[in-house]
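Architecture at a glance
Each chain is listed here by its residues.
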Amino acid sequence: MTGDNALHNSDSNDALAEIQRERDTLEAILETGNDAIIMLDTEQCVVTANLQFESFFGIPRYSVIGQQVEALAARLGENAALPEELSGIFLRLASEPSQTLGGDSELESPQRRTLVWYSAPVYSQTGTLLGRVFAFHDTTRERDADRMKTQFVSMISHELRTPLTSIKGFTELMLEGEAGELQPEVREYLDIIQFSANRLLHLVNDILDVTQLEAGRLELRPARLHVAALIEAAIAPMGPLAMSKRQLLTLELPTAVPDAWADAERVTQILTNLVGNALKYTPDGGTIRVKARILTPFDTLPPNMPSEVRLPTLLIAICDSGSGIEPAAQAELFTRFYRAAQAIESQQAGTGLGLFIVKSLVTLQGGVVWVYSEPGRGSDFYFTLPLAD
Amino acid sequence: MSYVLVVEDDKYIQLLITRKLQSAGYTVRALASGKEALALALREPPSILLLDVMLPDISGLDICKAVKAELGAKSPPVIILSARGQISDVQAGKAVGADDYLIKPFAPRELLTRVQRFVRV
């Protein structure tokens, strides 16, 4: 019998040692990770806080482990350099059994950090709720790199404007005959310089816009917009290009188009992009129609309209008789740098930024943009803008 | 003597503006130094002041502010010429009392039109 007991004891000792080893391993993993991890049990008591917790928040673990969440929140609240919302996050979520939430937090002390956090309930394998975990990931380097990229691109695109002013300016002076009469060939070459400088400027503007859109720093100045007049003014400069391609560029407006609430300059940019694309991808002799009207729930809805469109709204359409867009390309069309195979094959210049900018500008102003296209029949681009009233 | 004062540190843009305005009949004085320009503007107020923003010594915005403050109602109209075209940049120009704001690259023809709005030859 004694032998049996001894065997039994050594078995359980082994099992205990095994459990201890697993525990040590898990703890070591927690300690080694780069993220701050805190866990509350179902009684809202802090059961785990790892080494990174100490270094991120400057609070010794022993002062919070075993304490209720209120004590943890109070400790965080004492440090004026920590963002105020931090204690709130813990308090609010501690009593939330099922919610998974996340966000950003900027710390000033003990070190400047940008933290991305998330919190989720923790369940055992059998489905018993064990508590809630909070994890904080340090993204300071990524954010800094991102900020530097934004600053760099912004600096470059401003710096490029100085030489462009001279190139475009002196070309204009020569074309206006300020340096004497021009031989036809010289005029042709100057036109090419001017055209190319404009393209370069366009590119510089697009790159600056994309950087600012990505950084969430694009500024808008919405106001009451008389849409009909705005569309007319926006497409007027494209008349000569349409004429040179023998294209029919028409404006179809009902007698009363209601006012929109949007940024005039940015709506002009959206129109210039969409109408410019239509002219570019429609063969010579084709038709481009620009339409605007109010869209209410009682109207026939345009094809492909996404469900997020809120009615009533102002609807603007740019319909061309071009080659249309393949269904696979339609889904990708508004993605940054995307260029449809047809666009590349047609050897049209482009960066794939235009429609990304259009989508961002429309979305930022509370509108929706989409496309309806059948290959061989043409493409219809639609966008909405909120009504002024 | 009535003249246009151009403050621009890029010598080619300075030349561009000078030539365009001269051929339209304006008398132009151009400087690259903000401090010199400010002193001249206060000593002999021009009929219009064209200011680049990023100058090597003082900012065009500061020149505008100082001229408007010193000369008050007698201060010349000011057009800011800047590579920065964000809404907040334009607002910063208006905030220091600028009368107009032109974003680079500008067409010389457009610059002339803007100048003519304030000052006739």
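Residues numbered from 1 in each chain as written. Chains lettered and ligands numbered in written order. Predicted model: local features only at pLDDT ≥ 70, side-chain atom pairs only at ≥ 80, totals over all residues. Heavy atoms only, no water.

This brings us to the pattern of salt bridges. All names here are of chain A. Across all of its chains, the model carries 27 salt bridges over all chains by this definition. With a shortest N-O distance of 2.8 Å, E31 and R61 are connected by a salt bridge. Here R61 lies in the loop between α2 (51-57) and α3 (69-78) and E31 lies in helix α1 (residues 2-32), a separation of 30 residues in the sequence. Accessibility expressed as a relative area gives 25% for E31, which makes it partly exposed. (Salt bridge = Lys/Arg side-chain N within 4 Å of Asp/Glu carboxyl O. Helix = DSSP H or I, 4+ residues; strand = E, 2+ residues; numbered from the N terminus. Buried < 20%, exposed > 50% of the residue type's maximum accessible area, 1.4 Å probe, protein only.)

The interface is formed by 20 residues belonging to chain B together with 23 residues belonging to chain A. When the two sides are added together, the surface that chain B and chain A hide from each other amounts to roughly 1900 Å², 56% of it contributed by carbon and sulfur. The tally of links between chain B and chain A comes to 4 salt bridges. The partner of R109 of chain B in a salt bridge is E176 of chain A, with the nearest N and O atoms 2.6 Å apart. (Contact = heavy atoms within 4.5 Å. Buried area = accessible area lost by both parts, 1.4 Å probe.)

With omega at 0°, the peptide bond leading from L311 of chain A into P312 of chain A counts as cis. In this chain, K104 of chain B is followed by P105 of chain B through a cis amide linkage whose omega measures 0°. Mapped onto the elements, P105 of chain B comes out in the loop between β5 (100-103) and α5 (108-118). Even without being glycine, Q44 of chain A reaches a positive phi, approximately 65°. Positionally, Q44 of chain A belongs in the loop between β1 (36-41) and β2 (46-49). The exposure class of Q44 of chain A is partly exposed, given its relative accessible area of 22%. Even without a glycine there, the phi angle at N304 of chain A is positive, about 70°. Assignment of secondary structure puts N304 of chain A in the loop between β9 (287-295) and β10 (313-320).

Moving on, we come to helix α4 (residues 85-94) of chain A. Residue and element names in this part refer to chain A. Restricting attention to buried positions, one finds in α4 the residues L86, S87, I89, F90, L93 and A94. Looking down the long axis of α4, one finds its buried residues gathered within 155° of arc, a one-sided arrangement. If you follow the buried residues of α4, they end up packed against β1, α2, α3, β3 (101-107), β4 (113-123) and β5 (129-138). (Arc of directions from axis to C-beta.)

The subject of this paragraph is the environment of L385 of chain A. Residue and element names in this part refer to chain A. With respect to the helices, strands and loops of the structure, L385 is situated in strand β12 (residues 378-385). Note: C-alpha distance between L385 and R310 (75 residues apart in sequence) is 9.8 Å. Apart from the residues lying within four places of it in its own chain, the contact partners of L385 are A260, A262, V267, T313, L314 and I316.

The subject of this paragraph is the sheet that holds strand β3 (residues 48-52) of chain B. All names here are of chain B. Taken in spatial order, the 5 strands make up an open sheet running β2-β1-β3-β4-β5, and their pairing is parallel. The strands lining the two open edges of the sheet, one partner per strand, are β2 (28-31) and β5. With strand direction ignored, the average angle separating the axes of adjacent strands in the sheet is 15°. Relative to strand β4 (residues 78-82), β3 runs parallel, the two being bridged by 4 bridges. (Pairing = 2+ DSSP bridges. Axes fitted to C-alpha atoms, helices over the stretch in contact; angles between N-to-C directions.)

Another aspect to go through is the environment of S379 of chain A. Residues and elements named next belong to chain A. Considering the arrangement of structural elements, one finds S379 in strand β12. A relative accessible area of 4% means that S379 is categorised as buried. In this structure the C-alpha to C-alpha distance between S379 and A242, which are 137 residues apart in sequence, comes to 17 Å. For S379, the side chain forms a polar contact with the side chain of S373, separated by 3.0 Å. (Polar contact = N/O pair within 3.5 Å; in protein donor to acceptor, adjacent residues only side chain to side chain.)

What characterises a pair of aromatic rings is the spacing of the ring centres plus the angle enclosed by the ring planes. All names here are of chain A. This model, assessed by the stated rule, comprises 7 aromatic pairs over all chains. An angle of 45° between the planes, with centres 4.4 Å apart, marks the rings of F90 and F134 as tilted. Of this pair, F90 sits in helix α4 while F134 sits in strand β5, and the two are 44 residues apart along the sequence. By relative accessible area, which is 0% here, F134 ends up buried. Ring centres 6.3 Å apart and planes at 75° place the aromatic pair F334 and F381 in the edge-to-face group. Taken together, the residues span a long stretch of sequence, with F334 in the loop between α11 (327-332) and α12 (341-345) and F381 in strand β12 at a distance of 47 residues. Here F334 and F381 have matching classes, each one buried. Taken together through their ring pairs, the aromatic side chains of F53, F56, F57, F90, F134 and F136 make up a single cluster. For the cation-ring pair, R336 lies above F356, with the distance from its terminal atom to the ring centre recorded as 6.0 Å. (Phe/Tyr/Trp six-rings, centres within 6.5 Å; stacked < 30°, edge-to-face > 60°. Lys NZ or Arg CZ within 6 Å of the ring centre and 35° of its normal.)

No statement about biological role is implied by the geometric values presented.
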